[in-house]
Each structure stands twice: as structure tokens, then as C-alpha cells.
Amino acid sequence: MSCKQGRFVSSSRHFRQGGIGRGGRWVVLTTVLCAVGSALAMAQGRGRGAAARTVWDGIFMEDQVARGATAFSANCVRCHGEQLEGITGKALVGDTFWRDFDGRTVQDLLDYVSKNMPNGAQAGTLAPDVYLDLVAFILSRNDFPSGGAALTADSSVGVRILRKGETAPRPLPENTAATVVGCLAKTGTREWTVNNGTEPERVDPKGVNASDATRDLGNRSYPLLFVLQSLDKLVGHRVRVKGILVGEGGSNGVNLTQIDSLSETCP
Ligand code: HEC
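Let me sum up the structure you'll find in this document.

**Considerations on the overall build of the protein chain**
Right, so step 1: Summing up its helical and strand segments, the protein chain has eight helices and six strands in all.
Right, so step 2: Listed N to C, the secondary structure of the protein chain is α-α-α-α-α-α-α-α-β-β-β-β-β-β in terms of helices and strands.
Right, so step 3: The buried share of the protein chain, reckoned over its 267 residues, is 28%.
Right, so step 4: Put simply, 68% of the contacts in the protein chain that link residues at least 6 apart link residues at least 24 apart.

Now the structure itself:
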């Protein structure tokens, strides 16, 4: 577990809109979670340094970047471009990179590339070392520094992708496809809101979070927008909502694309 300052930041915005009781409670909860998180990290012997590693710590070597550049030209450039600006594939630098990877780990990036790229029938066909070189190359092109130890599958674990000097991801931008889990309430004739909501998470292409039925909920509220069918039969359920965030971090709600009941009671 890590101390997610980002949750605090986005809920303190919510606090201003939503009233003192809610915000106050969340501040306390966040503090407790952070304390538990660092106690756990210590107990597991990872220590503070290990728990806090980021892409700014020099986590790959220059020779990996050089090999990665060659592998990129051979396998990736036709879709992602010489400058990684994106052609038929996405841009791998700049805003797109941050929208999709802010707050995630280098392991997530390595996993994604290793399983899905080169996109299509060739996905996953390159050697594991080549994927490591490619990730080093992509990180280098996003201006993260090289260092004295090579990136490996093991060393990628827990290394967080964050902007320089920041200790938490920014709230997901407006229009991001995201998932939230919470309790469905009816708030008007044809209006429903998810209460006790978790912070929004990017829709995971690999599938849903298996712990959604039991994980801790949060204190966010999301009005559901563009609801085409009555949700009355799910009122009071723990639900997982997929949709498009309206406002940064879903501050104005979620345009609903899918809703699943996880349990008939909530929280
Ligand atoms: C045939 C075209 C094609 C090739 C070749 C290709 N990609 Fe991609 N790549 C894509 C597409 C399309 C996406 C977006 C997939 C999606 O969103 O489902 C993507 C997504 C990605 C992403 C995720 C970007 C994000 O913001 O989510 C990374 C990283 C990536 N590619 C790296 C690579 C690497 C490294 C290679 C070379 C081994 C490669 N790609 C080869 C088409 C390609």
C-alpha cells in the first residue's frame, strides 16, 4: 500500500464543494491509511527508499536505450513514429503518455508492451530483454534519466511514473474512460448517483479488478449522466460503473456506458 496524496488532493476539492463533514472525515481516513501503509512497507522490509522509487531515480541504463532505439525502428516506428508522436498507434510521449500512465508503475508499462505490442498478430513475440530495452527507450524519450543499474522485470516492480517533483498522480483528465465502484442511490425521477465511490481508475484493458466486490469504498459521489434505462432495480447495490469522466477526476459525474451489480447490499 502506498500513501496516495492524489486522493487527498482531489477530495479536498470535493471538500470545498461537498461540505465539511465529508471532507473532514476523509482527511482523517487518509492519514490513517498512510500510517498503515508505511508501517506495512517497513514490516515487509522494503524500507522507505524502496517503497518510494520513481522514474526519476535512474532506473535504466544508456545501453538499454541505445538497443531500444534500434528495436523501436525495426518493430514500432511504423505505427508510433520517429519522434514517438503517434501515427496509427498512440503517441508514446507527452500528454498521451501522462494521461495513460501517470501514477502507474514501470511494471504496468512493461507488462502492457510485452503482451500487446507490436500491435496485431506479432504481439508478445519479441524477446523479454528486447521489451526491457524498448521500455527504457520510451522512458528516456519522456526525459526520465538513465542510471547505473539495468532495468529488469524485477526492478520494474513498484517504480512509479510521476511528473518531476510530484509525489502523486494528477486527477484523471476529463473525458477519460474510467471505472468507479460505489453504492447506487436514486436522487430524482430519472436520476441516479453513485455514493461512497472510489477514486476513478482508468479502464483496464486486461479486465476488471477482481477485488471490486470486497475492496474498501471511498467517499466520492458521481451523478450518472446519459442514463438510457431505469437503474431502479440496482438501487442500494454495490455497483461498478464504467463511463467517461465529466470534469477533471469525474468532479461533475460520469457519462454511463456500463453498470454491473457486484452485491445486493452496500457498502
Ligand atoms: C501495427 C501498429 C503498431 C505497432 C507495429 C506497434 N504499436 Fe504500439 N500501439 C498501437 C496501437 C493501435 C495502440 C493503442 C492500442 C489501444 O489503445 O488499444 C498502441 C499502444 C501502445 C502503447 C500504449 C500507449 C498508451 O498511451 O496507452 C505502447 C506503450 C506501445 N504501443 C508501444 C509499442 C512498442 C514498444 C512497439 C514495438 C514493439 C509497438 N507499440 C508497435 C499500434 C502499434
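**Overview of the site of the ligand**
Right, so step 1: Looking at the ligand, there are 18 residues lining it, with Cys76, Cys79, Gly89, Asp100 and Asn119 nearest.
Right, so step 2: Broken down by element, the shell around the ligand gets its largest block of residues, three residues, from helix H5 (residues 77–80).
Right, so step 3: In the shell around the ligand, the residues fall into eight nonpolar, seven polar and three charged.

**Remarks on the nonpolar core**
Inside soluble globular proteins, nonpolar side chains tend to come together where they are buried.
Right, so step 1: Counting residues in hydrophobic clusters, the biggest one holds 27 residues, and the most contacted among them are Val55, Val106, Val113, Leu134, Val135, Ala136 and Leu139.
Right, so step 2: Within the residue set of this core, elements represented by two or more residues are helix H4 (62–75), helix H7 (106–116) and helix H8 (128–141).
Right, so step 3: When residues in this core are grouped by element, the largest group, eight residues, is from H8.
Right, so step 4: Core analysis: the next-biggest nonpolar cluster, separate from the first, contains 18 residues, Val181, Cys183, Leu231 and Leu245 among them.

**Looking at the packing of H4 against H8**
Right, so step 1: Running from N to C, H4 and H8 cross one another at 100°; their axes reach a closest spacing of 7 Å. Judged on the interaxial angle alone, H8 and H4 are roughly perpendicular. For the pair H4 and H8, the contacting residues are Gln64, Val65, Arg67, Gly68, Ala69, Ala71 and Phe72 in the first and Val130, Leu132, Asp133, Leu134, Ala136, Phe137 and Ser140 in the second.

What counts, and where the lines are drawn
- Residues numbered from 1 in each chain as written.
- Predicted model: local features only at pLDDT ≥ 70, side-chain atom pairs only at ≥ 80, totals over all residues.
- Helix = DSSP H or I, 4+ residues; strand = E, 2+ residues; numbered from the N terminus.
- Buried ≥ 20, exposed ≤ 12 C-beta atoms within 10 Å, placed from the backbone.
- Contact = placed C-beta atoms within 7 Å.
- Near = placed C-beta within 6 Å.
- Nonpolar A, V, L, I, M, F, W, Y, C, P; charged D, E, K, R; others polar.
- Core = buried A, V, L, I, M, F, W, Y, C linked by C-beta atoms within 7 Å.
- Axes fitted to C-alpha atoms, helices over the stretch in contact; angles between N-to-C directions.
- Parallel < 35°, antiparallel > 145°, perpendicular 65-115°, else oblique.

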